[in-house]
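Observations on the three-dimensional arrangement
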Amino acid sequence: MANSPAIRLGINVDHVATLRNARGGDRPDPVRAALAAIEAGADGITAHLREDRRHIRDADMARLKAEISKPLNFEMAATAEMQRIALATKPHAVCLVPERREELTTEGGLDVVGQHNALAPFIAKLNDAGIRVSLFISADERQIETAAKLRAPVIEIHTGAWCDAVVDGHREKADAEWRRIVAGVALAKSAGLEVHAGHGLDYATAETIAALPEIVELNIGYFMIGEALFVGIAETARAMRAAMERGRAALRARTA
Ligand code: PXP
């Protein structure tokens, strides 16, 4: 129905590469994980080529582009080096993220307000190459409004703070973060942006957020790769899809 468009699942295979790199060889192979995830129902594959190459390597990105049959979402910092690699790789999408060498993971959203002048030509060049640009930002009104002005067609809302609060049982913080997400996705949609979400999601939080009609894609990695150790990547992908469908079914029930 019109109120609940299909929701896509993008699986992030970075941490298959983390495990591989622990021994420096070729196994486990993130491309094999990507192919298995697609076989089990993933709608796309996400990989983050970090400046320090701590997990995904340049060759992984090239192989993903060559070997997978679903869209590749290339996460990267807005640097000249990454732009050059993205333009050569020609992924379906680029998701621009902030990056600090010392962080364990992408800790906050991209500051598109502060970096507006540098980002405008950077995004334009990717747009001109036919690559769909997504901006990974927090659900903040000014960031969302600026993202719309930057002519990136997509934003991905950073769900990390909300997910952490849910998992840690910080009810008030979780509720406040959730309200921020709900308001943010509504604003983004009304500004004409396509809205994705990701970071820290598990089955429960993916189910909850899939009930927001504005969100048409979730990108999920760390939790799923951890679960895959116990039940396999295919079963994990199926279970995540099922969780997301439960969220969409709740939305349909609410809006019927
Ligand atoms: N989306 C973006 C933009 C990210 O940077 C990440 C982490 O690499 C994810 C989604 C996936 O987050 P997680 O691995 O916590 O599921």
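Preceding this section is the structure that the text describes.
Residues numbered from 1 in each chain as written. Predicted model: local features only at pLDDT ≥ 70, side-chain atom pairs only at ≥ 80, totals over all residues. Heavy atoms only, no water.

The next subject is the site of the ligand. As a matter of local geometry, the ligand sits amid 14 residues, with Glu 75, Glu 156, Gly 200, Gly 221 and Tyr 222 nearest to it. Separating an oxygen atom of the ligand from a backbone N or O atom of Gly 200 is a distance of 2.8 Å. A distance of 2.8 Å is found between an oxygen atom of the ligand and a backbone nitrogen or oxygen belonging to Gly 221. Protein contact buries 95% of the 400 Å² of open area that the ligand shows by itself. Tallied by class, the residues present in the shell around the ligand amount to five nonpolar, six polar and three charged. (Near = heavy atom within 4 Å. Polar contact = N/O pair within 3.5 Å; in protein donor to acceptor, adjacent residues only side chain to side chain. Areas by Shrake-Rupley, 256 points an atom, 1.4 Å probe, with all protein chains shown as cover. Nonpolar A, V, L, I, M, F, W, Y, C, P; charged D, E, K, R; others polar.)

Taken as a whole, this structure holds two aromatic pairs when the rule is applied. Aromatic pair Trp 162 and Trp 178: ring centres 4.9 Å apart, planes at 35 degrees, arrangement tilted. Here Trp 162 is found in helix α7 (residues 160-167), whereas its partner Trp 178 is found in helix α8 (residues 171-190), with 16 residues between them in sequence. Taken together, a centroid distance of 4.9 Å and an interplanar angle of 85 degrees make the contact between Tyr 203 and Phe 223 edge-to-face. You can see Tyr 203 sitting in helix α9 (residues 203-209) and its partner Phe 223 sitting in helix α10 (residues 222-231), a full 20 residues away along the chain. (Phe/Tyr/Trp six-rings, centres within 6.5 Å; stacked < 30°, edge-to-face > 60°. Helix = DSSP H or I, 4+ residues; strand = E, 2+ residues; numbered from the N terminus.)

Now for the packing of helix α4 (residues 80-89) against helix α5 (residues 116-128). Relative orientation of the contacting elements α4 and α5 amounts to 10 degrees, with a least axis distance of 11 Å. Between α4 and α5, the angle falls in the class roughly parallel. Every residue of α5 that contacts α4 at Ala 80, Gln 83, Ala 86 and Leu 87 is listed here: Phe 122, Lys 125 and Leu 126. Looking at the contact of α4 with α5 residue by residue, the classes come out as five nonpolar, one polar and one charged. (Axes fitted to C-alpha atoms, helices over the stretch in contact; angles between N-to-C directions. Parallel < 35°, antiparallel > 145°, perpendicular 65-115°, else oblique. Contact = heavy atoms within 4.5 Å.)

Another point: the pattern of salt bridges. Scanning all chains against the criterion turns up 16 salt bridges. When the shortest N-O distance is used, the salt bridge between Arg 63 and Glu 67 registers 3.2 Å. Highlighted residues: Arg 63 and Glu 67, both in helix α3 (residues 58-67), separated by four residues, approximately one helical turn. The partly exposed category is assigned to Arg 63, whose relative accessible area is 30%. Across the pair Lys 173 and Glu 177 runs a salt bridge whose closest N-O atoms are separated by 3.0 Å. Of the two residues, Lys 173 and Glu 177 are both situated in helix α8; the distance of four residues between them amounts to about one turn of the helix. (Salt bridge = Lys/Arg side-chain N within 4 Å of Asp/Glu carboxyl O. Buried < 20%, exposed > 50% of the residue type's maximum accessible area, 1.4 Å probe, protein only.)

Before going further, it helps to examine the layout of surface pockets. Of the volumes computed, that of the second largest pocket is approximately 240 Å³. Elements supplying a minimum of two residues to the lining of the second largest pocket: α1 (14-21), α2 (30-39) and α10. (1 Å grid on protein atoms, 1.4 Å probe; cavity = no way out; pocket = protein on both sides within 12 Å on 5 of 7 lines; lining within 4 Å. Points joined across faces, edges and corners; volume = space filled by probe spheres on them.)

Taken together, the buried positions of α10 are occupied by Met 224, Ile 225 and Ala 228. One face of α10 carries all of its buried residues, which in axial projection span an arc of 95 degrees. Away from the buried face of α10 by more than 90 degrees, exposed residues Tyr 222, Leu 229 and Phe 230 are located. Packing partners of the buried residues in α10 comprise β1 (8-12), α1, β8 (215-220) and α11 (233-255). (Arc of directions from axis to C-beta.)

Here we come to the nonpolar core. It is characteristic of soluble globular proteins that their nonpolar side chains tend to be buried jointly. Counting residues in each nonpolar core, the largest one holds 70 residues, and the members touching the most others are Leu 96, Leu 135, Ile 155 and Leu 218. A per-element tally of this core places α2 first, with five residues. For Leu 135, the contacting residues outside a window of four places in its chain are Leu 96, Leu 110, Val 112, Ile 123, Ala 147, Leu 150, Ala 152, Val 154, Ile 155 and Glu 156. (Core = buried A, V, L, I, M, F, W, Y, C linked by side-chain atoms within 4.5 Å.)

Moving on, we come to the sheet that holds β8. What the eight strands build is a closed barrel, ordered β1-β2-β3-β4-β5-β6-β7-β8; its pairing is parallel. Adjacent strand axes in the sheet meet at a mean angle of 25 degrees, parallel and antiparallel pairs treated alike. Sheet topology places strand β3 (residues 72-76) next to strand β4 (residues 93-96); four bridges connect them, and they run parallel. When the bridges of β4 are listed, Asn 73 appears paired with Ala 93. (Pairing = 2+ DSSP bridges.)

Of the consecutive residues Arg 27 and Pro 28, the connecting peptide bond is found in the cis state with omega at -5 degrees. Positionally, Pro 28 belongs in the loop between α1 and α2. Residues other than glycine seldom take positive phi values, yet Lys 90 does so here, at roughly 55 degrees. In this fold, Lys 90 is placed in the loop between α4 and β4. If you check the backbone angles, Arg 151 has positive phi at about 65 degrees while not being a glycine. When you line up the elements, Arg 151 lands in the loop between α6 (141-149) and β6 (154-158).

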